[in-house]
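# Observations on the model geometry
Residues per chain, in single letters:
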Amino acid sequence: MDSTLTPNAEHGAESLLRDEARRAVYEASPASDPRSPVMLFSADEPLAMDSGARLAPFQVAYQTAGTLNAQRSNAVLICHALTGDQHFAHRHPVTGKPGWWETLVGPGKPVDTDRYFVVCSNVIGSCMGSTGPASLNPETGRPYGLDFPLVTIRDMVRAQAMLLDRLGIPDLFLCIGGSMGGMQVLQWASLFPERVFAAMPIATGARHSAQNIAFHEVGRQAIMADPAWADGRYLEEGTRPAKGLGVARMGAHITYLSEPALHRKFGRRLQNRAAPTFSFNADFQIESYLRHQGLSFVERFDANAYLYLTRAMDYFDLAEDHGGVLGNAFRGSKTRFCVMSFTSDWLFPTADSRAIVHALNAVAAPVAFVEVESDKGHDAFLLDEPAMFSAAKGFIDAAARARGL
Ligand SMILES: CC(=O)SCCNC(=O)CCNC(=O)[C@H](O)C(C)(C)COP(=O)(O)OP(=O)(O)OC[C@H]1O[C@@H](n2cnc3c(N)ncnc32)[C@H](O)[C@@H]1OP(=O)(O)O
Ligand SMILES: N[C@@H](CCO)C(=O)O
């Protein structure tokens, strides 16, 4: 068996849909029908970006669940993480998997779609229908590639605000998200405090740490070192930097888990064999698992989008944007916050959440802090964590009462 990043036939890993199918899904479904895999907002105005660029035209792919009430006061914005998308509570059109937050969002769930109107949009710079580096550059008629302007978390939020304007949503009852989604929540609360009644940033930080930037840089270098990346012009060349992107995801995926979780799930167990093969095959289950994660990621994500979104996270530093004092980002805010972390998250450790809480305390903003005991690591926010659900439900229910919902 090939020892490089190739399908592990021994595990029987299924191949997901290929790029062509992914493109077909998004090109064929511009409808405003909520049952459509994609709803598209095409902006009338350019997006003014932090880089100075003005992106036009641009579109945002989104999904909704629930019904907006007559007062327009029950809207929830869900902000997705690095490689997430708008398919939070609907079967994913490419992978066929359930929505990525169906554990938290749905009828009778903490984010109750029987009570709230829930919106989730694919961020600008991504590849699931919103404008990004794989989109066509109107000036050249070719995919943007690296000509796409650098995106920031604030740019993502500005685009979301334009979408909400179009949907007739004056303000949000709740803005919630984990990881890069949590960064957007913090940015929302800082940029549009009057538009956010309650905010729940989960497993996140107010700035990306040196260690996190370092991990991202390794992933980006893996992509760019793949000859198939072709200086970012792989779509025109008809190549795919699958190995580079797969290796980038393998490295990143380790950071989403934890040592105890890896030990619990795989330990040093061998993959379908009684003894090591004395080769570089995927002898260990953990190797096979990581290869699977790398390969399945390549089937659903665009390499340049990965470069752009990791960069957006690297650039995020809310304190730096406010004179070096994080509290200044929230001064005068009436938003009520619930900040949540997980004990085994070493990517965004509890200390990062505490820094947010301290900053909010310093400016007398109402804030609750929940540290969930979990061995699942950073991605615990995507998994079945009853303590997360009960704390989220308590916070959201109390906020709903305060809002008169
Ligand atoms: C936040 C957003 O907006 S969405 C985020 C984007 N989406 C993601 O990041 C999802 C991808 N991430 C994951 O799957 C993460 O592993 C988690 C932590 C969220 C999922 O955790 P779990 O549900 O515990 O799944 P787990 O980590 O065990 O992975 C299961 C997969 O590994 C495969 N697998 C398990 N063991 C092995 C092995 N020994 N060899 C090969 N593959 C293996 C399973 O077959 C399964 O494959 P599938 O996902 O293609 O069905
Ligand atoms: N695993 C999730 C969270 C990473 O922060 C993702 O890929 O988006």
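Residues numbered from 1 in each chain as written. Chains lettered and ligands numbered in written order. Predicted model: local features only at pLDDT ≥ 70, side-chain atom pairs only at ≥ 80, totals over all residues. Heavy atoms only, no water.

You'll find the chain entered in an unreviewed UniProt entry as Homoserine O-acetyltransferase, with Methylorubrum populi given as the organism.

Looking now at the overall build of the chain. If you tally the helices and strands in the chain, you get eleven helices and 14 strands. Taking the principal axes of its C-alpha atoms as reference, the chain extends roughly 65 × 50 × 40 Å. Residue pairs in contact within the chain that sit at least 24 positions apart in sequence constitute 72% of those at least 6 positions apart. Accessible surface, the chain: about 16,500 Å² in total, of which carbon and sulfur atoms supply 55%. Mean positive and mean negative side-chain charge positions of the chain (37 and 43 charges, respectively) differ by 4 Å. (Helix = DSSP H or I, 4+ residues; strand = E, 2+ residues; numbered from the N terminus. Contact = heavy atoms within 4.5 Å. Areas by Shrake-Rupley, 256 points an atom, 1.4 Å probe, with all protein chains shown as cover. Lys, Arg positive; Asp, Glu negative; His and termini not counted. Charge placed at Lys NZ, Arg CZ, Asp CG, Glu CD.)

UniProt records the feature "binding site: substrate" (unreviewed entry) for Arg249 and Asp379 in the present numbering. These annotated residues cover 131 residues of sequence, and their C-alpha atoms lie no more than 13.7 Å from one another, placing them together at a single site. Residue classification places Arg249 among the buried positions, given a relative accessible area of 9%. Each residue touching Arg249, except ones within four places of it in the same chain, is listed here: Thr83, Tyr256, Gln293, Gly294, Phe297 and Arg300. Tracing the backbone through its elements, the reader meets Asp379 in the loop between β14 (367–372) and α11 (386–403). Under the relative-accessibility criterion, Asp379 is labelled buried at 14%. (UniProt positions renumbered as here; feature names shortened; annotations may be inferred. Buried < 20%, exposed > 50% of the residue type's maximum accessible area, 1.4 Å probe, protein only.)

Taken as a whole and judged by the stated rule, the model has 13 aromatic pairs. Connected via pairs of aromatic rings, a cluster forms that spans Trp100, Trp101 and Phe381. Across the ring face of Phe192, the terminal group of Arg195 is positioned such that the distance to the ring centre comes to 5.9 Å. For the cation-ring pair, Arg249 lies above Phe297, with the distance from its terminal atom to the ring centre recorded as 4.4 Å. (Phe/Tyr/Trp six-rings, centres within 6.5 Å; stacked < 30°, edge-to-face > 60°. Lys NZ or Arg CZ within 6 Å of the ring centre and 35° of its normal.)

To continue, consider the sheet that holds β14. The eight strands are arranged β1-β4-β8-β5-β11-β12-β13-β14 in an open sheet whose pairing can be described as mixed. One side of each edge strand has no neighbouring strand; the edge strands of this open sheet are β1 (39–42) and β14. Mean inter-strand twist for the sheet, computed between neighbouring axes without regard to direction, equals 20°. Here six bridges tie strand β11 (residues 172–178) to strand β12 (residues 196–202), and the two strands are oriented parallel to one another. Among the inter-strand pairings, Gly178 is bridged to a residue of β12, identified as Ile202. Set on the sheet, helix α3 (residues 180–191) makes contact with β5 (75–79), β11, β12 and β13 (336–342); between it and β11 the angle comes to about 145°. (Pairing = 2+ DSSP bridges. Axes fitted to C-alpha atoms, helices over the stretch in contact; angles between N-to-C directions.)

Moving on: the confidence of the model for the chain. The predicted coordinates of low-pLDDT regions are not to be read in fine detail. Summary statistics for the chain give a mean pLDDT of 93 and a share of 91% for residues scoring 70 or more. Of the regions scoring below 50 in pLDDT, residues 7–35 engages in 58 contacts with residues more than four places distant in sequence or in other chains. Scored by ipTM, the complex comes to 0.95, with pTM at 0.94. (pLDDT = per-residue confidence, 0-100.)

This chain's UniProt record puts "active site" (unreviewed entry) on Ser179, Asp345 and His378. Over a stretch of 200 residues, the named residues converge on one spot in the fold, their C-alpha atoms separated by at most 10.7 Å. With respect to the helices and strands, the residue His378 is situated in the loop between β14 and α11. Apart from the residues lying within four places of it in its own chain, the contact partners of His378 are Ser179, Ala203, Thr255, Tyr256, Leu257, Asp345, Leu347 and Phe348. Polar contacts involving the side chain of His378 include one to the side chain of Ser179, which spans 2.8 Å. (Polar contact = N/O pair within 3.5 Å; in protein donor to acceptor, adjacent residues only side chain to side chain.)

By nearness alone, every residue bordering ligand 2 is listed as Ala81, Leu82, Thr83, Gly84, Ser179, Arg249, Tyr256, His378, Asp379 and Leu382. One of the backbone nitrogen or oxygen atoms of Leu82 is found 3.3 Å away from an oxygen atom of ligand 2. In this structure, Thr83 approaches ligand 2 through a side-chain N or O atom, which is 2.6 Å from an oxygen atom. Protein burial of ligand 2: of its 260 Å² of free accessible surface, 95% is covered by the chains. Grouping the constituent residues of the shell around ligand 2 by class yields four nonpolar, four polar and two charged. (Near = heavy atom within 4 Å. Nonpolar A, V, L, I, M, F, W, Y, C, P; charged D, E, K, R; others polar.)

Spanning 15 residues, helix α6 (residues 242–256) covers 21 Å between terminal C-alpha atoms, matching the ideal 21 Å at 1.5 Å per step. By the burial criterion, the buried members of α6 are Gly244, Leu245, Gly246, Ala248, Arg249, Met250, Ala252, His253, Thr255 and Tyr256. The inward-facing, buried residues of α6 abut α4 (210–225), α8 (285–300) and α9 (303–315). (Expected span 1.5 Å × (residues − 1).)

Counting buried positions along β5 yields five of five residues, so the element is predominantly enclosed. Across the two faces of β5 the burial is the same, with Ala75, Leu77 and Cys79 and Val76 and Ile78 all buried. As judged from the four bridges shared by β5 and strand β8 (residues 117–121), these two strands associate in the parallel manner. By the bridge assignment for β8, Ile78 is matched with Cys120.

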